[in-house]
Amino acid sequence: MGFREINSKMIEATVVPGQRLYSQRGAMLAYKGEVSFTPNMQGGQGGLMSMIGRRVANEATPLMSVEGSGTVLFGHGGHHVQVITLAGDTLYVEADRLLAFDGTLQQGTMFLGSQGGVMGLVRGQATGQGLFTTTLKGHGSVAVMAHGGVIEVPITPNNPVHVDPQAYVAHHGDVRNKLSSALGWRDMVGRGSGEAFQLELSGSGAVYVQASEEKL
C-alpha cells in the first residue's frame, strides 16, 4: 500500500479492497473513491492490550480504520509528516505522533521502564512525555508527525546518540534506550526538558529527531 508524500505536511494513501490502514482521528483531509472510515476501539492489530496501554498513557482516542477503494489525503494540525518504511523490523514511536500506518503492521505497547529502569519512569513524570511507547512491527509504511521537520540520525555500535526526550520522535533497530540526568536532582526541580534530561540510544539503528521541542 504505502504512502506518497505530497508535501512536507501532507501524504496520499492508496486504499485497495481487502487491505486496510489506520489513521489518527481527524487526520483525513480529503478522499476520492469508495472509502470508509470507522473508529477502531481495539487499537489496530495490537488488540486489547495495545488499547489498555494507550488508555493508561491518556491516549484513549480510537484509531480510525480506513478501508475500500480510492485515495486519501492525510495531514494533521499543520505538522511536518515523515514517512518511514519498515522491512520486518520494529519502530518505536510516541503514540500521539502517529498519523497513519499500514494495517499489515502489528501494533503493541512498550513500557519505557522496561528498557530505561527507574530512570525510564522519570521521563513521563518530568518531561511531559508518555510512559508508554507504541511499537509497530512488520513490513509496511508508517507516517509520523513532528514539529519543524525531522532528521534521521544513525545509531552505530560504540557511538550512542543523546537526544532531548521532547525532541524524540521515533527509533528503530537493535537499540537500547536509557534516560539519564545531566544535572543534579536539586537542579532538576521545576525543569521539564532541555539539558536536564538526556535520552541515550545505543546499539545499531536510527533515531528520528524533530527540530522543535514543542509537544503535539
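A.B. asks: Report on the overall build of the chain, specifying residues and quantitative values.
C.D. replies: When helices and strands are tallied, the chain shows 3 helices and 13 strands. Each of the 216 residues in the chain was classed as buried or not, and the buried ones make up 50%. Across the chain, every contact between residues at least 6 apart in sequence was considered, and the portion connecting residues at least 24 apart equals 80%. For the chain, the exposed area adds up to about 9800 Å²; of that, 52% sits on carbon and sulfur atoms.

A.B. asks: Which residues make up unusual backbone geometry, and what are the values?
C.D. replies: Phi at Asn 158 takes a positive value of approximately 70 degrees, unusual for a residue other than glycine. Looking at Asn 158, the relative accessible area reads 78%, which means it is exposed.

A.B. asks: Which residues make up the environment of Ala 87, and what are the values?
C.D. replies: Along the chain, Ala 87 turns up in strand S6 (residues 80-93). Relative accessible area serves as the criterion here: at 61%, Ala 87 is assigned to the exposed category. Here the alpha-carbon distance between Ala 87 and Gly 140, two residues 53 residues apart in the chain, equals 6.9 Å. Setting aside chain neighbours within four positions, we find Ala 87 in contact with Gly 138 and His 139.

A.B. asks: Before we move on, can you summarise the pattern of salt bridges with the specific residues and values?
C.D. replies: Applying the stated criterion across every chain, the model contains 2 salt bridges. A salt bridge links Glu 12 to Arg 4, with the nearest nitrogen and oxygen atoms 3.0 Å apart. For Glu 12, a relative accessible area of 19% gives the class buried. Note that Arg 20 is salt-bridged to Glu 67, the shortest N-O span being 3.3 Å. Here Glu 67 lies in strand S5 (residues 63-74) and Arg 20 lies in strand S3 (residues 20-23), a separation of 47 residues in the sequence. On the accessibility criterion, Arg 20 (33% relative accessible area) is partly exposed.

What counts and what doesn't
- Residues numbered from 1 in each chain as written.
- Predicted model: local features only at pLDDT ≥ 70, side-chain atom pairs only at ≥ 80, totals over all residues.
- Heavy atoms only, no water.
- Helix = DSSP H or I, 4+ residues; strand = E, 2+ residues; numbered from the N terminus.
- Buried < 20%, exposed > 50% of the residue type's maximum accessible area, 1.4 Å probe, protein only.
- Contact = heavy atoms within 4.5 Å.
- Areas by Shrake-Rupley, 256 points an atom, 1.4 Å probe, with all protein chains shown as cover.
- Salt bridge = Lys/Arg side-chain N within 4 Å of Asp/Glu carboxyl O.

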